[in-house]
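A structural walkthrough
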Amino acid sequence: MNVPNRLTILRVIMIPLFVAAMLCPALPYSDYVAGGLFITACVTDFFDGYLARKYNQVTTFGKFMDPLADKLLVSAALICFLADADSAMPAWAVIIIISREFIISGFRLVAAEKGVTIAANYWGKVKTVVQMIMSILLIFDFRHPVFRVVNVIFVYAAVILTVISLIDYIYKNRDIMKDVK
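Here's a quick rundown of the structure. Every value quoted in this text rests on a predicted model; they were computed, and no experiment measured them. (Residues numbered from 1 in each chain as written. Predicted model: local features only at pLDDT ≥ 70, side-chain atom pairs only at ≥ 80, totals over all residues. Heavy atoms only, no water.)

**Concerning the overall build of the protein**
In terms of regular secondary structure, the protein is built from 6 helices and 0 strands. Reading the protein from its N end, one meets helices and strands in the order α-α-α-α-α-α. Taking 2.2 N^0.38 as the reference for a compact globule, 181 residues should give roughly 16 Å; the C-alpha atoms of the protein span a radius of gyration of 17 Å, in line with that estimate. Here the contacts in the protein between residues at least 6 apart in sequence split such that 78% fall between residues at least 24 apart. About 10,100 Å² of surface is accessible on the protein, with carbon and sulfur atoms providing 71% of the total. The average position of the 17 basic charges and that of the 13 acidic charges among the side chains of the protein differ by 8 Å. (Helix = DSSP H or I, 4+ residues; strand = E, 2+ residues; numbered from the N terminus. Rg over C-alpha atoms; globule rule 2.2 N^0.38 Å. Contact = heavy atoms within 4.5 Å. Areas by Shrake-Rupley, 256 points an atom, 1.4 Å probe, with all protein chains shown as cover. Lys, Arg positive; Asp, Glu negative; His and termini not counted. Charge placed at Lys NZ, Arg CZ, Asp CG, Glu CD.)

What follows is the structure, given as structure tokens:
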């Protein structure tokens, strides 16, 4: 197994640790532990893709698992935010973001059945970066009024990019749905 795929697996392993830190406020410095784990997972996302492309180690496993690991990480964070009554993350935004991930995953399954692998595209990558930045800001939950505004901006940006990337994926891959019964 190559290094990029190991980094992807490491990211998946970090998710339950992140969730435990998010949901255990009694843990000393739980926000910092959760934030550190989340940031580390985000960094592995950058490096696994960078290394895979640089050393020509792109694999079918990586094409499948890397976006899945991103979805799991961000979805876990979103669900944890809903568990916190003081979070700036509205439930409607979580529903839109997670629904998009289910739709695209289903789309990829149909494509895989036809022997087609749909890799992440530009809008999907931008959406993921914005969702990750938004999540980091919400994890640390800075109380300063400026951060409250910045959080809301990132929540709306994440939702807008989520919808744009969904439309882009469906439009660019619309031929995959032809002849689906």
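Now that the structure has been shown, the text picks up again.
**Section: helix H4 (residues 91–113)**
The end-to-end C-alpha distance of H4 is 33 Å, a good match for the 33 Å that 23 residues give at a rise of 1.5 Å each. Inspection of H4 places Ala-93, Val-94, Ile-97, Ile-98, Arg-100, Glu-101, Ile-104, Phe-107, Arg-108 and Ala-111 among the buried residues, and these make up the whole buried set. Contacts made by the buried residues of H4 are with helix H3 (60–83), helix H5 (122–140) and helix H6 (145–172). (Expected span 1.5 Å × (residues − 1). Buried < 20%, exposed > 50% of the residue type's maximum accessible area, 1.4 Å probe, protein only.)

**Observations regarding H5**
Over its 19 residues, H5 runs 28 Å from end to end, which matches the ideal 27 Å to within 8%, given 1.5 Å per residue. Turning to H5, its buried residues are Gly-124, Lys-127, Thr-128, Val-130, Gln-131, Met-132, Met-134, Ser-135, Leu-137, Leu-138, Ile-139 and Phe-140. Tucked inside the fold, the buried residues of H5 contact helix H1 (3–23), helix H2 (30–54), H3, H4 and H6. Put simply, Asn-121 is the residue that caps the front of H5, since its side-chain oxygen is 3.3 Å from the backbone nitrogen of Trp-123. (Polar contact = N/O pair within 3.5 Å; in protein donor to acceptor, adjacent residues only side chain to side chain.)

**A word on unusual backbone geometry**
Located in the positive-phi region is Asn-56, a residue other than glycine, with phi close to 50°. By relative accessible area, Asn-56 is classed as exposed at 69%.

**Points about the nonpolar core**
Core analysis: the largest hydrophobic core is formed by 31 residues, its most contacted members being Phe-18, Phe-38, Leu-78, Phe-81 and Met-89. Contributions of two or more residues to this core are made by H1, H2, H3, H4, H5 and H6. Among the elements that make up this core, the one with the highest residue count is H3 (7 residues). (Core = buried A, V, L, I, M, F, W, Y, C linked by side-chain atoms within 4.5 Å.)

**So, the layout of surface pockets**
Volume-wise, the largest pocket comes out at about 740 Å³. Along the wall of the largest pocket there are 35 residues; nearest its centre are Asp-45, Arg-53, Asp-66, Ala-120 and Lys-125. Secondary structure elements with two or more residues in the lining of the largest pocket: H1, H2, H3, H4 and H5. For the lining of the largest pocket, a count of residues per class yields 14 nonpolar, 9 polar and 12 charged. (1 Å grid on protein atoms, 1.4 Å probe; cavity = no way out; pocket = protein on both sides within 12 Å on 5 of 7 lines; lining within 4 Å. Points joined across faces, edges and corners; volume = space filled by probe spheres on them. Nonpolar A, V, L, I, M, F, W, Y, C, P; charged D, E, K, R; others polar.)

**Concerning a nonpolar patch on the surface**
A cluster of nonpolar side chains, namely Trp-92, Ile-96, Val-152, Tyr-156, Ile-160, Val-163, Ile-164 and Ile-167, defines an oily patch on the protein surface of about 690 Å² accessible area. Elements with a contribution of two residues or more to the nonpolar patch: H4 and H6. Among the elements that take part in the nonpolar patch, H6 stands out by supplying 6 residues, more than any other. As for its position among the elements, Val-152 is in helix H6. A residue is classified by how much of its surface remains accessible, and Val-152, at 41% relative accessible area, is partly exposed. (Patch = residues over 30% accessible without salt bridge, like charges linked within 9 Å, V, L, I, M, F, W, Y side chains within 5 Å. Salt bridge = Lys/Arg side-chain N within 4 Å of Asp/Glu carboxyl O.)

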